[in-house]
2 protein chains.
Amino acid sequence: MTENELKNYLYEAIPLTKAMQISVECASKEIVILQAPLLPNVNHKKTAFGGSLNAIATLSCWSLLHLNLVEHYPHVQIVISHNETKYLNPVIGLFLSECIKCDEAKWKKFSNALHSKGKARIELSATIYQKAQKKCVDFKGTFVALVQKISQT
Amino acid sequence: MTENELKNYLYEAIPLTKAMQISVECASKEIVILQAPLLPNVNHKKTAFGGSLNAIATLSCWSLLHLNLVEHYPHVQIVISHNETKYLNPVIGLFLSECIKCDEAKWKKFSNALHSKGKARIELSATIYQKAQKKCVDFKGTFVALVQKISQT
């Protein structure tokens, strides 16, 4: 799945991503970087709205999981079950949310559980920063992947 | 500030609230209830997107603080510093986010600190439920209020 394909998928499946004008800077199995301009995500203080920041962080983690799982499990369902977000610095312009794949041992545990039980959960992290590299948000989300069986009827 | 005034304020200050089609069901100093339809907030699973749920919960807490503070501190700035969100059940239709004012002792501590130091933080909770009253999300947010002095120049 290319950057453009991921963007089109997000725009179609989750209309709020279009309202947020999210673009996909990087879409690989190792790293996902999403980007959004300030204007459609602005708040009363002319900084980025916390809800937008949480949303883009959620989406970057969700996308990384999706890119890793969709080939082997085309009908996998990925949902968020919990998140914790620390808003460290105000976002005053274009912002990026980066999710890097977790370490191999953690991933293997998740992957094995999904393979054997059809359901597994994993915690992923995302960082939001601005072009000047100032870190603005730390996000941790727990996601549940569920492999749905295709109905034979 | 009436329900309509709060809605207009949110739509103007935070454009994403318009994209989410948020309406204000109740806007008082004791309780704030915001509502949104599923369609503009839907995800790939045809349930409400986690980012939308987090956003409406953040806004209901922010609005309750705003309604309590704006009379005495017309230039108060309220920002979120941290949140934790538990997604308990999928949202499959119209949803509401309710923030009820915290207990008097906690509020008084916050209020006194804001009065004496010009800055204070408080944790508020919001609950998201559907019309059938099924609880879907538990949200806790820490908000910082900052009283800005008006420039005399």
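A brief look at the structure comes next. The structure presented is a predicted model; accordingly, all values stated were derived computationally and were not measured.

**A few points about the nonpolar core**
Phase 1: Of all hydrophobic cores here, the largest spans 100 residues; its most connected members are A:L65, A:L69, A:F110, B:L65, B:L69 and B:F110.
Phase 2: Beyond its immediate stretch of four places on either side in the chain, A:L69 contacts A:V76, A:I78, A:W107, A:F110, A:L114 and A:A145.

**Quick word on the side chain of B:T58**
Phase 1: Assignment of secondary structure puts B:T58 in helix 3 (residues 50-69).
Phase 2: Note on B:T58: relative accessible area 4%, which makes it buried.
Phase 3: Among all residues touching B:T58, those that are not within four sequence positions of it are A:F49, B:I80, B:F139 and B:F143.

**Details of the relation of the copies chain A and chain B**
Phase 1: When chain A is fitted onto chain B, the two copies agree to an RMSD of 0.0 Å after a turn of 180 degrees and an axial shift of 0.0 Å. One copy is carried onto the other by what is essentially a two-fold rotation axis. Closest approach to the rotation axis within chain A is made by the C-alpha atom of A:E84, at a distance of 2.2 Å.
Phase 2: Same-surface contact between copies: 100% of interface residues of chain A are shared with the interface of chain B.

**A look at the pattern of salt bridges**
Phase 1: Tallied over the entire structure, the rule returns four salt bridges over all chains.
Phase 2: Of the charged contacts in the structure, one is a salt bridge between A:E71 and A:K29, with a shortest N-O distance of 3.3 Å. Residue A:E71 is located in the loop between helix 3 (50-69) and strand 3 (76-87), and its partner A:K29 is located in the loop between strand 1 (23-27) and strand 2 (31-36); the two are separated by 42 residues in the primary sequence.
Phase 3: Residue classification places A:K29 among the partly exposed residues on the basis of a relative accessible area of 33%.
Phase 4: Here B:D138 makes a salt bridge to B:K135, at a shortest N to O gap of 3.3 Å.
Phase 5: Accessibility expressed as a relative area gives 38% for B:K135, which makes it partly exposed.

**A look at the pairing of strand 5 (residues 119-130) of chain A**
Residues and elements named next belong to chain A.
Phase 1: Bridge count for strand 4 (residues 95-100) against strand 5 is five bridges, and the pairing is antiparallel. The residue bridging E98 from the neighbouring strand is T127, located in strand 5.
Phase 2: Pairing of strand 5 with strand 6 (residues 135-147), which is carried by 11 bridges, proceeds in the antiparallel orientation. When the sheet's bridge partners are listed, E123 is paired in strand 6 with T142.
Phase 3: Linking two consecutive strands that pair antiparallel, namely strand 5 and strand 6, is a turn of four residues; a positive phi of about 75 degrees is found at Q133 within it.

Analysis parameters
- Residues numbered from 1 in each chain as written.
- Chains lettered and ligands numbered in written order.
- Predicted model: local features only at pLDDT ≥ 70, side-chain atom pairs only at ≥ 80, totals over all residues.
- Heavy atoms only, no water.
- Core = buried A, V, L, I, M, F, W, Y, C linked by side-chain atoms within 4.5 Å.
- Buried < 20%, exposed > 50% of the residue type's maximum accessible area, 1.4 Å probe, protein only.
- Contact = heavy atoms within 4.5 Å.
- Helix = DSSP H or I, 4+ residues; strand = E, 2+ residues; numbered from the N terminus.
- Least-squares fit on C-alpha atoms with pLDDT ≥ 70 in both.
- Salt bridge = Lys/Arg side-chain N within 4 Å of Asp/Glu carboxyl O.
- Pairing = 2+ DSSP bridges.

This is a description of form; function is not addressed.
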